[in-house]
Amino acid sequence: MSFINSKIHGIIDYLVVIFLLASPSVFDLPEGTALFTYILGGVHLLLTVLTDFEFGVFKVIPFHIHGWIELVVSLGLGGLAFYFYTIRDVISHNFCAGFAIAVFLTWLVTGV
């Protein structure tokens, strides 16, 4: 399925970076989850800036590789959400599960 083109995906990517950097304060995430979220935001910004698409700056990473990285991240976030569920960290579980679903759906509808 390809409902979102690379230009729209680029806009979403920069909005995701803003979301990730604001999330620890907005959702009052625990310290470890907040640190992970800041790091993930920085990594996602780097990935977006280096991707070869309309909003990439250095255009080093092919767009389809960008997509596969996002798929792997969504699956990793799902695993992390499961871990948080097992230790009964509800806030971190819900954040990671929701974000994993959002990243996966974005990957799915972009069709990269």
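Every value quoted in this text rests on a predicted model; they were computed, and no experiment measured them.

*Asks:* What am I meant to see in the packing of helix 3 (residues 63-86) against helix 4 (residues 90-110) here?
*Replies:* In a packed pair of helices, the relevant descriptors are the angle between the two axes and the axis-to-axis distance. Across the interface, helix 3 lies against helix 4 with an axial gap of 8 Å and an inter-helix angle of 155°. Classed by the angle they form, the pair helix 3 and helix 4 counts as roughly antiparallel. For helix 3 against helix 4, the interelement crossing comes out left-handed. Of the residues in helix 4, those in contact with Phe 63, Gly 67, Trp 68, Glu 70, Leu 71, Ser 74, Leu 77, Gly 78, Leu 80, Ala 81, Phe 84 and Tyr 85 of helix 3 are Ser 92, His 93, Cys 96, Ala 97, Phe 99, Ala 100, Val 103, Phe 104, Trp 107 and Thr 110. For the contact of helix 3 with helix 4, the class distribution of residues is 15 nonpolar, six polar and one charged.

*Asks:* Got a minute to help me understand helix 1 (residues 6-26) in this structure?
*Replies:* Count 3.6 residues to each turn of an α-helix, and residues three or four apart come out pointing the same way. Helix length check: helix 1, at 21 residues, gives a terminal C-alpha distance of 28 Å against a target of 30 Å (1.5 Å per residue), a fit within 8%. Residue Leu 20 marks the point of greatest curvature in helix 1, where the axis turns by about 30°; the proline Pro 24 follows within four residues. Those residues of helix 1 not exposed but buried are Ser 6, His 9, Gly 10, Asp 13, Val 16, Val 17, Leu 20, Ser 23 and Pro 24. The secondary structure elements touched by the buried residues of helix 1 are helix 2 (31-50), helix 3 and helix 4. Where helix 1 begins, the side chain of Asn 5 points an oxygen toward the backbone nitrogen of Lys 7, at a separation of 3.1 Å. Where helix 1 ends, the next residue or the one after it, Asp 28, has phi of about 50°, a positive value.

Quick notes on the rules
Residues numbered from 1 in each chain as written. Predicted model: local features only at pLDDT ≥ 70, side-chain atom pairs only at ≥ 80, totals over all residues. Heavy atoms only, no water. Axes fitted to C-alpha atoms, helices over the stretch in contact; angles between N-to-C directions. Helix = DSSP H or I, 4+ residues; strand = E, 2+ residues; numbered from the N terminus. Parallel < 35°, antiparallel > 145°, perpendicular 65-115°, else oblique. Left-handed = near helix turned anticlockwise from the far one by under 90°. Contact = heavy atoms within 4.5 Å. Nonpolar A, V, L, I, M, F, W, Y, C, P; charged D, E, K, R; others polar. Expected span 1.5 Å × (residues − 1). Bend = angle between axes of the 7 residues up to and from the residue. Buried < 20%, exposed > 50% of the residue type's maximum accessible area, 1.4 Å probe, protein only. Polar contact = N/O pair within 3.5 Å; in protein donor to acceptor, adjacent residues only side chain to side chain.

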